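# Examining the three-dimensional arrangement
Here is how the chains run, residue by residue.
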Protein chains: 2
Amino acid sequence: MFRNFKMVSRIVFGQGSFQQLGDILQAPRSQSGSFMVFMVDDVFKSSPPGRKIPVDDGDMMLWVNVDKEPTTDYVDSLADEIRFFSPHPPAGIVGIGGGSTMDLAKAVSLMLTNTGSSATYQGWDLVGNPGIYHAGVPTLSGTGAEVSRTTVLCGPDRKLGINSDHTVFDQILLDPELIVDAPAQQRFYTGMDCYIHCVESLSGTFLNAFSKSYGEKALQLCRDVFITDGPNRSLETEEDLMMASYCGGMSIAYSQVGVCHALSYGLSFVLGIHHGVGNCIAFNVLDEYYPEGVREFRKMMDINQVQLPRHVAVELSTENLEKMTNVALVLEPLWENALGKNWKGIMTRDKIKELYQRM
Amino acid sequence: MFRNFKMVSRIVFGQGSFQQLGDILQAPRSQSGSFMVFMVDDVFKSSPPGRKIPVDDGDMMLWVNVDKEPTTDYVDSLADEIRFFSPHPPAGIVGIGGGSTMDLAKAVSLMLTNTGSSATYQGWDLVGNPGIYHAGVPTLSGTGAEVSRTTVLCGPDRKLGINSDHTVFDQILLDPELIVDAPAQQRFYTGMDCYIHCVESLSGTFLNAFSKSYGEKALQLCRDVFITDGPNRSLETEEDLMMASYCGGMSIAYSQVGVCHALSYGLSFVLGIHHGVGNCIAFNVLDEYYPEGVREFRKMMDINQVQLPRHVAVELSTENLEKMTNVALVLEPLWENALGKNWKGIMTRDKIKELYQRM
């Protein structure tokens, strides 16, 4: 059985395309006759991302804070805020920000049409009803959240995505002008999310030709951006980075991430470390599993003058180490992709703990 | 203004995925409660493409003949046949075949919900209503018809596509098992459609990073298939060829084809030459415009032992030569992409005729 992969319905790509957002939203607005919710990373409160956000009278501006990783509680409270704002459901939600903000927009869109807490939908294909119209506008590139069928949340027990066809955006808008001013370190860590998941998917056991084509293209674009261009940024490098993120996300259609992402989820859940940084910290101890990838990753860190946080898990309590291990072990498809069907014989609890302690 | 590119809604890719078609069609069947139309290239009458087509009681098998290029008359008559078959519109149309068959399925889907002749919709964005559900299952790879927003038809006055967001398939199914037995020459000519349109789009003036990423990937896959693998075919080479076609089609989102496709349309319209062969005949005289591409194309012909038809337009009447020139000149976006805004000063009627006479 091959997945019947749900694609993003519409995509705009181009320098300055953000100014088309107002026109694009006319269709969902006129279809529902209701207001639009703009869910925007609050780092843009003082300096808006590029041009003006096309807010109409009656629309809702919902600034979101993603200093910490998005939680199911936060999703539920944002959905409540929208219900409190108006008794009518909105015409749509537009998420403007990095992967966390886009994931919040996806999750809240689902929670306006599905009952209960978002925590009950963490897992695979548990969402019954389509969400309301949702559009994604990335201001950071690398997560692939713009095209993925997941929204990754920290719930009461674990960090896990709401994986569903209904999660996929109805519209994405990729404007390199919106990412060109992203802080260098954050841009690097987020870009490495793409690089690392390409390394993981291309060496995984789930891969097929569809995902391989996308993964190889994303990897090549990451090399163009982080090795050839290095710290020299221009709108052209940012275009390549946006395409890397897009292709990396598409490559997940028939593949999976692997060891690094599984370990990184534990770091985020227990230590609150952001996904991009967590990936880099984890990847840096994975020479055994991805020798060439880790070597090239260190070269990219050098070229881009990035100093990785060290010794983050050294003084961890036994309890927290167990918790991190539990979170990582939940992600069975990732382990199976990386290590094959008999992964449980290879990746023991002790091995995971040892890896964490080296981070 | 950048195009808000409409994507195919769902895609299945994988060896043997054709056996999932029955399951996939359950959703549109149950939504409309009506019958399904299977529009299949009649070369498969004696030897079905791979596994069994999932025809239910009450469904319509519509064998289509694409020995000649699809015409608007043919589209209109197929739509009439379906209306005659049942007073109720079908749940959907599944096109199983090469680019011509898929284009027929797209066009007929539109003609069941839009009045008049399909000839009135040849052009850009003239279709008012969405068509009925339509799915594409390629048995030849290279045209990109599986992901494009066009269905190319020979009308009363010209060969021209119905270019519309409504043309895009709701579902495509890419199973390399269905293309592995395609006749070698036909496979080559169809594959070259992809190669040539990548050369044209990558050297065109319309290109942006989105289309460049897809075009480069498609080009590399064409080289893998037609140079590295050559006449040695396997399911793995056919997977690559399917991905080349898919990526080539996607690359048209923000680009255009060029000189070769414009001239090839004239060959098809006047001489009835199939699109793939026509492209190759035209491309072979275009050293002036695509020197490296033409050189590599000839290498591919050598490796794959293909003998191109020669002197096809040498004994053409003046009237037919004028007609061919007219058909080619209608395709303004193609010329502008290839030669820039001042293309009319470069590509005169005399120049076009001279090129045709060398074919």
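Residues numbered from 1 in each chain as written. Chains lettered and ligands numbered in written order. Predicted model: local features only at pLDDT ≥ 70, side-chain atom pairs only at ≥ 80, totals over all residues. Heavy atoms only, no water.

### Focus on empty space enclosed by the protein
The tally for this structure, following the rule as stated, stands at one cavity of 30 Å³ or more. What the largest cavity holds in volume is close to 40 Å³. For the largest cavity, the full set of lining residues is A:Ser213, A:Tyr214, A:Lys217, A:Cys247, B:Ser213, B:Tyr214, B:Lys217 and B:Cys247. Looking at the lining of the largest cavity, the elements with two or more residues in it are helix 6 (209-229) of chain A together with helix 6 (209-229) of chain B. Among the residues forming the lining of the largest cavity, the class breakdown is four nonpolar, two polar and two charged. (1 Å grid on protein atoms, 1.4 Å probe; cavity = no way out; pocket = protein on both sides within 12 Å on 5 of 7 lines; lining within 4 Å. Points joined across faces, edges and corners; volume = space filled by probe spheres on them. Helix = DSSP H or I, 4+ residues; strand = E, 2+ residues; numbered from the N terminus. Nonpolar A, V, L, I, M, F, W, Y, C, P; charged D, E, K, R; others polar.)

### Some remarks on the environment of A:Asn163
Residues and elements named next belong to chain A. With respect to the helices, strands and loops of the structure, Asn163 is situated in strand 9 (residues 159-163). When the C-alpha atoms of Asn163 and Val127 are compared, they prove to be 8.4 Å apart, with 36 residues separating the residues in sequence. The residues contacting Asn163, other than those within four sequence positions of it, are Gly123, Trp124, Asp125, Arg149 and Thr150. Looking at Asn163, its side chain comes within polar contact range of the side chain of Thr150, at 2.9 Å. Of note is the side chain of Asn163, whose polar atom sits 3.2 Å from the backbone oxygen of Gly161. (Contact = heavy atoms within 4.5 Å. Polar contact = N/O pair within 3.5 Å; in protein donor to acceptor, adjacent residues only side chain to side chain.)

### Things to note about the sheet that holds strand 3 (residues 36-41) of chain A
A sheet is described by the order of its strands in space; here seven strands give the open sequence 4(A)-3(A)-5(A)-7(A)-10(A)-2(A)-1(B), paired in mixed fashion. The sheet terminates laterally at strand 4 (60-64) of chain A together with strand 1 (5-6) of chain B, the two strands that pair on one side only. (Pairing = 2+ DSSP bridges.)

### What about the pairing of strand 3 of chain A?
All names here are of chain A. Buried residues dominate strand 3, accounting for six of its six residues. Burial of the side chains of strand 3 extends over both faces: Met36, Phe38 and Val40 are buried on one face and Val37, Met39 and Asp41 on the other. As paired strands, strand 3 and strand 4 are joined by five bridges and run parallel to one another. Bridge pairing links Phe38 to Met61 in strand 4. (Buried < 20%, exposed > 50% of the residue type's maximum accessible area, 1.4 Å probe, protein only.)

### Topic: the pairing of strand 3 (residues 36-41) of chain B
The side chains of a regular strand alternate between the sheet's two faces. Summarising the sheet, strand 3 of chain B and strand 5 (residues 92-97) of chain B pair through five bridges and their orientation is parallel. Bridged to B:Phe38 within strand 5 of chain B is B:Val94.

### Let's talk about the interface of chain A and chain B
Taken together, the contact pairs 35 residues of chain A with 34 residues of chain B. When chain A packs against chain B, close to 3100 Å² is buried across both sides, 55% of that on carbon and sulfur atoms. Between the two partners, chain A and chain B, sit four salt bridges. A:Lys217 is the partner of B:Glu216 in a salt bridge, and the nearest nitrogen-oxygen pair spans 2.6 Å. Summed over the shared surface of chain A and chain B, the number is 23 residue pairs in polar contact (both at pLDDT 80 or more). (Buried area = accessible area lost by both parts, 1.4 Å probe. Salt bridge = Lys/Arg side-chain N within 4 Å of Asp/Glu carboxyl O.)

### A word on the relation of the copies chain A and chain B
Superposing chain A onto chain B takes a rotation of 180° plus a shift of 0.0 Å along the axis, which leaves an RMSD of 0.0 Å. Viewed as a symmetry operation, the transformation between the two copies matches a two-fold axis. Interface overlap between copies is the fraction of interface residues in one copy that are interface residues in the other; for chain A against chain B it reaches 97%, indicating a shared surface. (Least-squares fit on C-alpha atoms with pLDDT ≥ 70 in both.)

### Describing the environment of A:Met347
All names here are of chain A. Counting through the fold element by element, Met347 comes out in the loop between helix 13 (343-346) and helix 14 (349-357). The buried category is assigned to Met347, whose relative accessible area is 2%. Once the C-alpha coordinates of Met347 and Val259 are considered, the two residues, 88 residues apart in sequence, prove to be 9.4 Å apart. Not counting residues up to four positions away in its chain, the partners in contact with Met347 are Val259, Tyr289, Leu329, Trp335, Leu339, Ile352 and Leu355.

### Side note on the confidence of the model for chain A
Considering every residue of chain A, the mean pLDDT works out to 95; 99% of them sit at 70 or more. Under the prediction, the complex receives an ipTM of 0.94, its pTM being 0.96. (pLDDT = per-residue confidence, 0-100.)

### Some words on the side chain of B:Glu296
Residues and elements named next belong to chain B. Its location among the elements puts Glu296 in helix 10 (residues 291-303). Taking the relative accessible area as the measure of exposure, Glu296 reaches 17% and is therefore buried. Ignoring anything within four residues of it in the chain, the contact list for Glu296 reads Tyr195, Arg223 and Ile227.

### Comments concerning the nonpolar core
Among the nonpolar cores identified, the biggest contains 203 residues, and A:Tyr246 and B:Tyr246 are the most heavily contacted of them. Leaving out residues up to four positions away in the same chain, B:Tyr246 has contacts with A:Met7, A:Phe210, A:Tyr214, A:Met250, B:Ile11, B:Glu146, B:Val147, B:Leu174 and B:Tyr214. (Core = buried A, V, L, I, M, F, W, Y, C linked by side-chain atoms within 4.5 Å.)

### Some remarks on the packing of aromatic side chains
On inspection of all chains with the given rule, the structure shows 25 aromatic pairs over all chains. An angle of 85° between the planes, with centres 5.8 Å apart, marks the rings of A:Tyr214 and B:Tyr214 as edge-to-face. Separated into two different chains, A:Tyr214 in helix 6 and B:Tyr214 in helix 6 make up a pair that spans both. A single burial state applies to A:Tyr214 and to B:Tyr214, both of which are buried. Taken together, a centroid distance of 5.3 Å and an interplanar angle of 55° make the contact between A:Tyr246 and B:Phe210 tilted. Here B:Phe210 lies in helix 6 and A:Tyr246 lies in helix 7 (residues 235-251), a pairing that spans two chains. The burial state of A:Tyr246 is the same as that of B:Phe210; both residues are buried. An aromatic cluster of at least three residues, connected via ring pairs, comprises A:Phe5, A:Phe13, A:Phe210, A:Tyr214, A:Tyr246, A:Tyr254, B:Phe5, B:Phe13, B:Phe210, B:Tyr214, B:Tyr246 and B:Tyr254. Across from the ring centre of A:Tyr265, 4.5 Å away, lies the NZ or CZ of A:Lys159, which sits over that ring. (Phe/Tyr/Trp six-rings, centres within 6.5 Å; stacked < 30°, edge-to-face > 60°. Lys NZ or Arg CZ within 6 Å of the ring centre and 35° of its normal.)

### Here we look at the sheet that holds strand 6 (residues 123-124) of chain B
All names here are of chain B. With respect to topology, three strands assemble into an open sheet ordered 6-9-8, the strand pairing being mixed. Each having just a single partner strand, strand 6 and strand 8 (152-154) make up the two edges of the open sheet. Strand direction decides the pairing type here: strand 6 and strand 9 (residues 159-163), joined by two bridges, are parallel. Pairing of Trp124 across the sheet is with Asn163, part of strand 9. The sheet contacts of helix 8 (residues 259-271) involve strand 8 and strand 9, and relative to strand 9 the element is tilted by about 115°. (Axes fitted to C-alpha atoms, helices over the stretch in contact; angles between N-to-C directions.)

### So, the pattern of salt bridges
Scanning the model with the defined rule gives 42 salt bridges over all chains in all. Salt-bridge contacts for A:Glu288 lead to A:Lys351; the nearest nitrogen and oxygen are separated by 3.1 Å. Linking A:Glu288 in the loop between helix 9 (275-283) and helix 10 (291-303) with A:Lys351 in helix 14, this pair joins segments that are 63 residues apart in sequence. Given a relative accessible area of 16%, A:Lys351 falls into the buried group. Here B:Lys212 makes a salt bridge to B:Glu216, at a shortest N to O gap of 3.4 Å. Here B:Glu216 and B:Lys212 lie together in helix 6, a separation of four residues that amounts to about one turn. Given the relative accessible area of 37%, B:Lys212 is considered partly exposed.

### Some points on the packing of helix 8 (residues 259-271) of chain A against helix 9 of chain A
Residues and elements named next belong to chain A. Closest axis-to-axis distance for the helix 8/helix 9 pair is 8 Å, and the angle between their directions is 125°. On the basis of their axis angle, the class for helix 8 and helix 9 is oblique. For the element pair helix 8 and helix 9, the recorded crossing hand is right-handed. Facing helix 8, whose interface residues are Cys260, His261, Leu263, Ser264, Tyr265, Leu267 and Ser268, helix 9 presents His275, Gly278, Asn279, Ile281, Ala282 and Phe283. Of the residues that constitute the contact of helix 8 with helix 9, the class distribution is seven nonpolar, six polar and no charged. (Parallel < 35°, antiparallel > 145°, perpendicular 65-115°, else oblique. Left-handed = near helix turned anticlockwise from the far one by under 90°.)

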